[in-house]
Amino acid sequence: MANHNSHAHDEHESHGSLKSYVIGFVLSIVLTILPIVVVMNDMMDKTPTIIFILIMAILQFVIQLFFFMHLREDKKPRYNVMALIFGLVILVTIIAGSIWIMTYNAVG
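Everything quoted here is computed from the prediction, not taken from an experiment.

1. Considerations on the overall build of the chain
Alright, step 1. Counting its regular elements, the chain contains four helices and zero strands.
Alright, step 2. Along its sequence from the N terminus, the chain presents helices and strands in the succession α-α-α-α.
Alright, step 3. For the chain, buried positions account for 15% of its 108 residues.
Alright, step 4. Contacts spanning at least 24 positions in sequence make up 53% of the contacts within the chain whose residues lie at least 6 apart.

Have a look at this one:
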């Protein structure tokens with residue numbers, strides 16, 4: 001019986017454990033510092049720098065979701081992930097469509 005209680009306590013603790021927050025915080029700091037170092041030291045040309053910054057931003061977004069928003073730790077995490085992916089597809093569609101319209105809206 002005591003083993004069952006400690007297991008339930010571990011599950012509750014893993015939801016917001018200090019270790020999880022520290023790992024997420026350190027990864028977020030690293031993913032913030034890397035683009036700053038690249039930009040400040042002119043380590044890449046303009047296009048690769050922008051791509052690098054976008055990749056770091058996406059990685060930081062994923063880390064924030066999993067370490068701080070506890071996306072995987074809900075009772076039905078698959079539905080959360082599917083809703084997130086659906087939202088991202090809508091977001092990318094709106095942004096890409098807006099850029100398409102603004103780029104090719106020249107009246108000839």
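2. Quick look at the nonpolar core
Alright, step 1. Listed in full, the six residues of the largest apolar core are L31, V38, F52, M56, I63 and F67.
Alright, step 2. Breaking this core down by element, the ones donating at least two residues are α2 (18-40) and α3 (46-68).
Alright, step 3. Aside from chain neighbours lying at most four places away, what touches M56 is L31, L34 and P35.

3. Points about the confidence of the model for the chain
Alright, step 1. Looking at the chain, the pLDDT average stands at 80 and 76% of residues meet or exceed 70.
Alright, step 2. Mean pLDDT across the elements of the chain ranges from a minimum in helix α1 (residues 2-15), with 48, to a maximum in α2, with 92.
Alright, step 3. Counting contacts from residues 5-14, a segment whose pLDDT is below 50, to residues more than four positions away or on other chains yields one contact.

4. Side note on a nonpolar patch on the surface
Alright, step 1. Among the surface-exposed residues, L18, V22, F25, V26, I29, V30, I33, L34, V37, M43 and M44 lie close enough to one another that they form a single nonpolar patch of about 960 Å² accessible area.
Alright, step 2. Checked against the element boundaries, L18 lands in helix α2.

5. Considering α2
Alright, step 1. When the terminal C-alpha atoms of α2 are compared, their 33 Å separation across 23 residues agrees well with the 33 Å that a helix rising 1.5 Å per residue should span.
Alright, step 2. For α2, every residue scored as buried is listed here: S20, G24, S28, L31, P35 and V38.
Alright, step 3. Residues of α2 that are buried sit in contact with α3.
Alright, step 4. Immediately downstream of α2, the backbone of D42 shows phi near 45°, a positive value.

Procedures and definitions
- Residues numbered from 1 in each chain as written.
- Predicted model: local features only at pLDDT ≥ 70, side-chain atom pairs only at ≥ 80, totals over all residues.
- Heavy atoms only, no water.
- Helix = DSSP H or I, 4+ residues; strand = E, 2+ residues; numbered from the N terminus.
- Buried < 20%, exposed > 50% of the residue type's maximum accessible area, 1.4 Å probe, protein only.
- Contact = heavy atoms within 4.5 Å.
- Core = buried A, V, L, I, M, F, W, Y, C linked by side-chain atoms within 4.5 Å.
- pLDDT = per-residue confidence, 0-100.
- Patch = residues over 30% accessible without salt bridge, like charges linked within 9 Å, V, L, I, M, F, W, Y side chains within 5 Å.
- Areas by Shrake-Rupley, 256 points an atom, 1.4 Å probe, with all protein chains shown as cover.
- Salt bridge = Lys/Arg side-chain N within 4 Å of Asp/Glu carboxyl O.
- Expected span 1.5 Å × (residues − 1).

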